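So the chains spell out like this:
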Amino acid sequence: MITSTSYGPYPQDRQVTRSLAIGIAVLVLAGFVWRNSADQLIAYLVVLAAAVLPSTLWIRLGSRGIPIYPIVALVYIPYFARPILTDRDLILNYSESEITRASLTVALFLLAATVTWRLMAGNAYSQRHITSNEVDASKAVQLALAGLAVGIIFHIAVISGSLAWLGSFYGLVRIIAITFVTVALFLAGVSRAQGILRGKAWGVLIIGVALLVILSWSSLFLVGGMIYMLAMLFGYVIVSKRVPWLIVALALATVTVLHAGKAEMREKYWLHNTNYGGVTSVTQLPALAVEWVAYGITAIATDSVGQSVIERASLLQMILRAQRETPARIDYLHGETYALLPAILVPRFIDSDKPASQIGMDLLNRRYGLLGFNEESVTAIGWGLVAEAYANFGYFGVIGMAFLVGAFCGRLENWSKTAAIISLPTLLSMAVTMTMINVEADFIQLCSTLSQAFAAVLIFLSVFRVFVVRRNPSTRNSSW
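The rules we used
- Residues numbered from 1 in each chain as written.
- Predicted model: local features only at pLDDT ≥ 70, side-chain atom pairs only at ≥ 80, totals over all residues.
- Heavy atoms only, no water.
- Helix = DSSP H or I, 4+ residues; strand = E, 2+ residues; numbered from the N terminus.
- Contact = heavy atoms within 4.5 Å.
- Buried < 20%, exposed > 50% of the residue type's maximum accessible area, 1.4 Å probe, protein only.
- Axes fitted to C-alpha atoms, helices over the stretch in contact; angles between N-to-C directions.
- Parallel < 35°, antiparallel > 145°, perpendicular 65-115°, else oblique.
- Nonpolar A, V, L, I, M, F, W, Y, C, P; charged D, E, K, R; others polar.
- Phe/Tyr/Trp six-rings, centres within 6.5 Å; stacked < 30°, edge-to-face > 60°.
- Lys NZ or Arg CZ within 6 Å of the ring centre and 35° of its normal.

## Some details on the overall build of the chain
Here is step 1: A count of helical and extended segments in the chain gives 20 helices and zero strands.
Here is step 2: Excluding contacts between residues fewer than 6 apart, the proportion of contacts in the chain whose partners are at least 24 apart in sequence is 79%.

Here it is, written out as structure tokens:
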């Protein structure tokens, strides 16, 4: 039986608390070790404290529901706290007062969102009835494996070029397929944590996930495979309250090696002046993998690696740039990037000429002189919600966006507290989490992706209802 999302014991889970405490201690110690000045350390600790506060509150209040905002807030640590200590270009190009101001802006956003999130999430100790999904275990496993199969078929079709006929609809199909897969992998993680997924089915799933990740990495982008692994990891950790540290360490080591060799691989396989290319046949994958690993190990051994995976994750410089130049040199946008949202949400089959979802990001990059028109098709520079909000309305924009994010995440968490695992609240919350951890995305990108993810979750639940609920009528009321 797959139980509800009221995971973990009341009022506090010791293992989760211990893991969080160790993590915070390590991050604080890193601040003292890598600091260059007292001001720099204070700026780092301010962002760190604001980022870990939601997780602390979620644990102390019962660890119930899908922790969307606590997870998203933790992602702000590598993107906004870590650069204060390790980004040399940032430290050299901006004064300590500017860095302090930027860190306080990030903390303002996180704290305002935290307050709103807690108000909207409601009382974690609510004694409402907890529902359950009385689904036959084999059906849950079959559903997870079916979703995995969808992902493998989709990526093979992408590699072979079989989806070219979709034209401008490819993006929509891609988002739906990827969300469908991440939902299935989340369910697989939950099933594994509850002891449902084991034996031959577990072995088949592990092989399938490995193949899926390799297929997604054939594009020479690492983020897709990482999202798949995180979806399964979140499902397992949220239910079991345990972190499989060995598996996490192996995954990080693999990503580190591949990231080190990524530049050489892209230079060799990507088409000239584009950000795509790679293999065109599944049979090329073994040779590609061996070559990529060799490049990565060589780069690490010769100390010729550019930026590490963690170093690449940095958005603090976008806030610094916006605050230095706005409004002194560049006027506020006054909501110009947000005003583009209605046109983006119109389905492409209604408006075939609608702009791309990254139009807001492109507008920001052009306005602040980061990219020209000819460069936008080759590369992209993400701004994230905080820098975009400041560029539009200053501190009022930052606080307003924080309220919106906190309220949205809080309502979803409250909705998922007593929901069954295979239900709209739980699966939508998971899909939202996997979307919002991409903190480089601007508001329009997030809204566009979230609307498509919602459609994918509905498709997944429809499949569940057709192939599982109808065969087991006792689940009809608890699965939606």
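## Description of the environment of Ser95
Here is step 1: With respect to the element layout, Ser95 can be found in the loop between α4 (88-93) and α5 (96-121).
Here is step 2: Since its relative accessible area comes to 33%, Ser95 is described here as partly exposed.
Here is step 3: Residues Ser95 and Leu320, 225 residues apart in the sequence, show an inter-C-alpha distance of 9.9 Å.

## Let's talk about the packing of helix α11 (residues 262-269) against helix α12 (residues 285-301)
Pairs of packed helices are described in terms of their axes, by the angle between the two and the distance that separates them.
Here is step 1: α12 packs onto α11 with a crossing angle of 135 degrees between their chain directions and a minimal axis gap of 8 Å. In this view, α11 runs oblique relative to α12, as classed from their interaxial angle. Taken together, the residues of α12 that come into contact with α11 (itself represented by Lys262, Glu264, Met265, Lys268 and Tyr269) are Leu288, Glu291, Trp292 and Tyr295.
Here is step 2: Looking at side-chain class alone, the contact of α11 with α12 contains five nonpolar, no polar and four charged residues.

## Focus: the packing of aromatic side chains
Here is step 1: Applying the stated criterion across every chain, the model contains eight aromatic pairs.
Here is step 2: Ring geometry for Tyr76 and Phe109: centres 5.9 Å apart, planes at 15 degrees, overall stacked. Here Tyr76 is found in helix α3 (residues 68-86), whereas its partner Phe109 is found in helix α5, with 33 residues between them in sequence. For the pair formed by Tyr76 and Phe109, the shared burial category is buried.
Here is step 3: Residues Tyr338 and Phe443 carry aromatic rings whose centres are separated by 5.4 Å and whose planes lie at 85 degrees to one another, so their mutual orientation is edge-to-face. Here the residue Tyr338 occupies a position in the loop between α14 (316-325) and α15 (341-345), and Phe443 occupies one in helix α20 (residues 443-469), the gap between them amounting to 105 residues.
Here is step 4: Three or more aromatic residues joined by ring pairs form one cluster here, namely Tyr76, Phe80 and Phe109.
Here is step 5: The ring of Trp202 is capped by Arg192, whose NZ or CZ atom sits 4.1 Å from the centre of that ring.
Here is step 6: Directly above the aromatic system of Phe221 lies the positively charged group of Arg266, at a separation of 4.9 Å from the ring centroid.

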